[in-house]
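Here is what each chain is made of, one letter per residue.
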Amino acid sequence: MKEVITVIAKALVDHPEDVRVNAVEGESSVVYELSVHPGDVGKVIGKQGRIAKALRTVVTSAAVKENKRVTVEIMS
């Protein structure tokens, strides 16, 4: 799952070397913390949050197999 988030995020940003994904696992959920260059935060979020919502939808769909709740948080 980390690889999927990383590949998508690197395709969106100007500074792909600054993309980091950290997984924080709980009992029934996983939180993926996506960290990007401060100048790229807007590109990852998109207009009215559309790109962030699409990224979360893809990750949620891919996580159905794991039977865990998945959340993606975007940080600078």
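Refer to the preceding data block for the structure.
How each quantity is defined
Residues numbered from 1 in each chain as written. Predicted model: local features only at pLDDT ≥ 70, side-chain atom pairs only at ≥ 80, totals over all residues. Heavy atoms only, no water. Helix = DSSP H or I, 4+ residues; strand = E, 2+ residues; numbered from the N terminus. Rg over C-alpha atoms; globule rule 2.2 N^0.38 Å. Contact = heavy atoms within 4.5 Å. Areas by Shrake-Rupley, 256 points an atom, 1.4 Å probe, with all protein chains shown as cover. Lys, Arg positive; Asp, Glu negative; His and termini not counted. Charge placed at Lys NZ, Arg CZ, Asp CG, Glu CD. Pairing = 2+ DSSP bridges. Core = buried A, V, L, I, M, F, W, Y, C linked by side-chain atoms within 4.5 Å. Buried < 20%, exposed > 50% of the residue type's maximum accessible area, 1.4 Å probe, protein only.

Colleague: Can you lay out the overall build of the protein chain for me, pointing to particular residues and giving the numbers?
Modeller: Each helix and strand counted, the protein chain has three helices and three strands in total. The N-to-C order of helical and strand elements in the protein chain reads α-β-β-α-α-β. Over its C-alpha atoms the protein chain spans a radius of gyration of 12 Å, differing by no more than 12% from the 11 Å that the globule rule assigns to 76 residues. Once local pairs closer than 6 in sequence are excluded, the contacts in the protein chain between residues at least 24 apart make up 51%. Of the roughly 4900 Å² of accessible surface on the protein chain, a fraction of 52% belongs to carbon and sulfur atoms. Here the protein chain contributes 11 positively and 10 negatively charged side chains, and the mean placements of these two sets differ by 8 Å.

Colleague: Outline the environment of Lys 10, supporting the account with residue identities and numerical values.
Modeller: Tracing the backbone shows Lys 10 in helix 1 (residues 2-12). As a C-alpha pair, Lys 10 and Arg 20 span 10 residues in sequence and 9.5 Å in three-dimensional space. Among all residues touching Lys 10, those that are not within four sequence positions of it are Pro 16 and Val 19.

Colleague: Explain the pairing of strand 1 (residues 20-25) to me, using residue names and the numbers behind them.
Modeller: Relative to strand 2 (residues 29-35), strand 1 is paired through six bridges, and the arrangement is antiparallel. Looking at strand 2, one finds that Arg 20 is bridged to Ser 35. Linkage of strand 1 to strand 2, two consecutive antiparallel strands, is achieved through a turn of three residues.

Colleague: Explain the nonpolar core to me, using residue names and the numbers behind them.
Modeller: Grouped together as the largest cluster of nonpolar side chains are 17 residues, with contacts concentrated most on Ile 5, Val 19, Tyr 32, Leu 34, Val 36, Val 59 and Val 72. Listing elements by their share of this core, those giving two or more residues are helix 1, strand 2, helix 2 (41-45), helix 3 (50-62) and strand 3 (69-75). The element contributing the most residues to this core is strand 2, with three residues. Ignoring anything within four residues of it in the chain, the contact list for Val 36 reads Val 13, Asp 18, Val 19, Val 41, Val 44, Met 75 and Ser 76.

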